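A look at the structure
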Amino acid sequence: MIETKEKTKHTRRKTKKNRAQEILEVTLQYEKKIYDLEQLLDIAKSFCSTLDFSNLLESIVYICMAQMHVLGAEIFVRDFISNEGFILETSREIQDENAKIIIPDDSPVISKLLELNKPVTYSELCLSVGTCEDLSVLGKFSPTLIVPLIQRNHLNGVLVLQERIAIDDDTSYTEYEQEQIMSIATLASVAINNARLLEMSSTDMMTHLKLKYYFFSVLSEVLDNAIQMQKSAAVLMFDIDFFKHFNDTYGHECGDYVLITVADLIKKSLRETDVASRYGGEEFTVLLNEAKEEEAMLVAERIRSAIANHDFVYNDQHMHVTISGGVSVFDKDSNPVTAPNLFVDQADQALYISKSSGRNKVSLYAPFLESLDSED
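Residues numbered from 1 in each chain as written. Predicted model: local features only at pLDDT ≥ 70, side-chain atom pairs only at ≥ 80, totals over all residues. Heavy atoms only, no water.

**Topic: the overall build of the chain**
For the chain, the count of helices and strands is twelve helices and 13 strands. Within the chain, the fraction of its 376 residues that count as buried is 44%. Intrachain contacts of the chain at a sequence separation of at least 6 include 65% that bridge at least 24 residues. Carbon together with sulfur atoms contributes 51% to the accessible area of the chain, which is approximately 21,100 Å² in total. (Helix = DSSP H or I, 4+ residues; strand = E, 2+ residues; numbered from the N terminus. Buried < 20%, exposed > 50% of the residue type's maximum accessible area, 1.4 Å probe, protein only. Contact = heavy atoms within 4.5 Å. Areas by Shrake-Rupley, 256 points an atom, 1.4 Å probe, with all protein chains shown as cover.)

**Here we look at the side chain of Glu 177**
For Glu 177, the location among the structural elements is in helix H6 (residues 175-201). A polar side-chain atom of Glu 177 sits 2.9 Å from the main-chain amide nitrogen of Thr 174. If sequence neighbours within four positions are ignored, Glu 177 has contacts with Met 68, Arg 164 and Ser 172. (Polar contact = N/O pair within 3.5 Å; in protein donor to acceptor, adjacent residues only side chain to side chain.)

**Let's talk about the pattern of salt bridges**
Overall, the coordinates contain 15 salt bridges when judged by the stated rule. Here Arg 78 ties to Asp 105 by a salt bridge, and the two come within 2.5 Å at their closest N and O atoms. With a gap of 27 residues between them, Arg 78 in strand S1 (residues 73-78) and Asp 105 in the loop between strand S3 (102-103) and helix H3 (108-116) connect regions that are remote in the sequence. A salt bridge links Glu 290 to Lys 231, with the shortest nitrogen-to-oxygen separation between them at 3.3 Å. Linking Glu 290 in the loop between strand S9 (283-289) and helix H10 (293-308) with Lys 231 in the loop between helix H7 (212-229) and strand S7 (233-240), this pair joins segments that are 59 residues apart in sequence. Taken together, the shared-partner salt bridges in this structure form one network comprising Glu 89, Arg 196 and Glu 199. (Salt bridge = Lys/Arg side-chain N within 4 Å of Asp/Glu carboxyl O.)

**Comments concerning the packing of aromatic side chains**
Here the structure, examined in full by the defined rule, presents five aromatic pairs. A centroid spacing of 6.2 Å and a plane angle of 45 degrees characterise the contact between Phe 216 and Tyr 279, whose relative ring orientation is tilted. Placement of the pair is Phe 216 in helix H7 and Tyr 279 in strand S8 (residues 275-280), with a sequence separation of 63 residues. Within the aromatic cluster, the residues linked to one another by ring pairs are Phe 215, Phe 216 and Tyr 279. (Phe/Tyr/Trp six-rings, centres within 6.5 Å; stacked < 30°, edge-to-face > 60°.)

**Comments concerning the packing of helix H9 (residues 252-268) against H10**
Relative to each other, H9 and H10 sit at 140 degrees, their axes nearing to 9 Å. It follows from the interaxial angle that H9 and H10 lie oblique. By crossing handedness, the relation of H9 to H10 is classed as right-handed. Of the residues in H10, those in contact with Val 262, Leu 265 and Ile 266 of H9 are Ile 303, Ala 306 and Ile 307. (Axes fitted to C-alpha atoms, helices over the stretch in contact; angles between N-to-C directions. Parallel < 35°, antiparallel > 145°, perpendicular 65-115°, else oblique. Left-handed = near helix turned anticlockwise from the far one by under 90°.)

**Quick look at the sheet that holds S1**
Reading across the sheet, the five strands line up as S3-S2-S1-S5-S4 and stay open at both edges, with antiparallel pairing between neighbours. Bordering the open sheet on either side are S3 and strand S4 (145-151), each of which pairs with just one other strand. Judged from the seven bridges that link them, S4 and strand S5 (residues 154-161) form a sheet pairing that is antiparallel. Residue pairing across strands places Gln 151 opposite His 154, the latter belonging to S5. In the packing of H6 onto the sheet, contacts are made with S1, S4 and S5, and the angle to S4 comes to roughly 50 degrees. (Pairing = 2+ DSSP bridges.)

**Here's the deal with the packing of H3 against helix H4 (residues 122-129)**
In contact at an axis separation of 10 Å, H3 and H4 are set at 110 degrees when each is read in the N-to-C sense. Classified by the angle their axes make, H3 and H4 are roughly perpendicular. Contact residues: H3 offers Pro 108, Val 109, Lys 112, Leu 113 and Leu 116, while H4 offers Leu 125, Ser 128 and Val 129.

**So, the side chain of Thr 207**
The topology assignment puts Thr 207 in the loop between H6 and strand S6 (210-211). A polar contact is formed between the side chain of Thr 207 and the side chain of Asp 204, at a distance of 2.6 Å. Those residues within four positions of Thr 207 in sequence are excluded, and the remaining contacts are Leu 259, Ile 260, Ala 263, Lys 267 and Arg 278.

**Structural notes on the sheet that holds S7**
Read from one edge to the other, the open sheet built from six strands follows the order S6-S8-S9-S7-S12-S13, with strand pairing classed as mixed. The outermost strands of the open sheet, each flanked by one partner alone, are S6 and strand S13 (362-364). Two elements, strand S12 (residues 323-330) and S13, share three bridges in a ladder whose sense is parallel. Bridge pairing in S13 links Val 327 to Leu 364. Together, S7, S8, S9 and S12 form the strand contacts of H9, whose direction differs from that of S9 by roughly 10 degrees.

Here it is in C-alpha cells:
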C-alpha cells in the first residue's frame, strides 16, 4: 500500500515536471515569435527609410545574412527601364556594365519561382525546372536557398542565400525559418518596387541619366554639407557641339543615338558617388562631391577626351562628335557660392567661354570674371 502511494506521488511529480517543461517550451516559442515580429517591424522601418536603390539592396543583403546566418547573399532585380530581365545588382565582382549577369524575363527559372511562391533549395529548383541554362547562373553562387521577391503576383527580384553557418552540424532551413525569410522577402520586394518607382520618376528614360530636378535636389544637399563642413564640390556642364547638325543631316534617330552614347561615355568616366544628369536637350551636368579644381578639371577633360576619341557609327556612317565643357568649384575662400542655381550658372558661364573660344574644350569658372563684367 505504502509502495503504491509512493509510486503515485512519483508519477504526479513527473507529470507536473513534464507540464512545467511543456509550458516553458511553449513560452519560449512565443517569446521567440514576439521577438521575431519585433525584428520584422524594425526591418520594415529600415527598408521604408531607405529610398536610394544601391543602399537599399545593400541593406537587404546584410539583414538577410544576419537573420539567416549565411556568409553571403546576392539579389537579382527586374530591370524596369530596359526590361532586359533580372540583373545581378549586388555582386562586387562585376565592375563592367557590359558584363552584367542577367536571367531573362522569359526564363523557366523565373516562371517557376513565381509559380512556387516560396523559398526553394537549388536542387529542388533544378528538379522543378529541368534542363535550363539559366540554372547555371544561380549555381555559380553555391546557393543554399533561393527566395522569390514577390509583390502583387509580380516577381520583382530573386534573393540568393549562399553558404550557411552550421548550427549543430545542420545547414538546412526549418519551416519556420523559411516563413521568416519569406516575410523579409515580401518587405524587401515592396521596398525595391518603391525605390525603383522613385528612380524611374527621376531618370531620363532615353539616356538613363538623372533629371534636372533630381540633380538640383542632390546638389542642394551636397552644397549645404560643403558649406558646413568646409569641403569642396564641383559642377560640370557639357553641351554637344553642333548637335543640330546630326539631327538635320542624319535625322532625329541619329540625334538620339548621339545623346545616348554621350550619356553612356559620361557615366563611364565617373565614380559611383558622382551624379550625372541630362540637364535639357543636348546639355548635361555632373556633380562631383568633395572635388577640388584640379580633380574637377581632370574629370571634365577625361569626359571631353573620351567623347572626342570615340568612334560614333550610325547606319554605317562614322561621325566625329565633340563636346564643350564648363567647370565651377565651390571653395569657402575663392568661390563661396551658396545657391545651387548660381553654382550651375557659373559652370554655364565657363561653358560659354569654351563655346565662344573654339569648342571641344573645357574652361574653369573664375569668380573675378563677374567683377570684370560688372565694371564693363
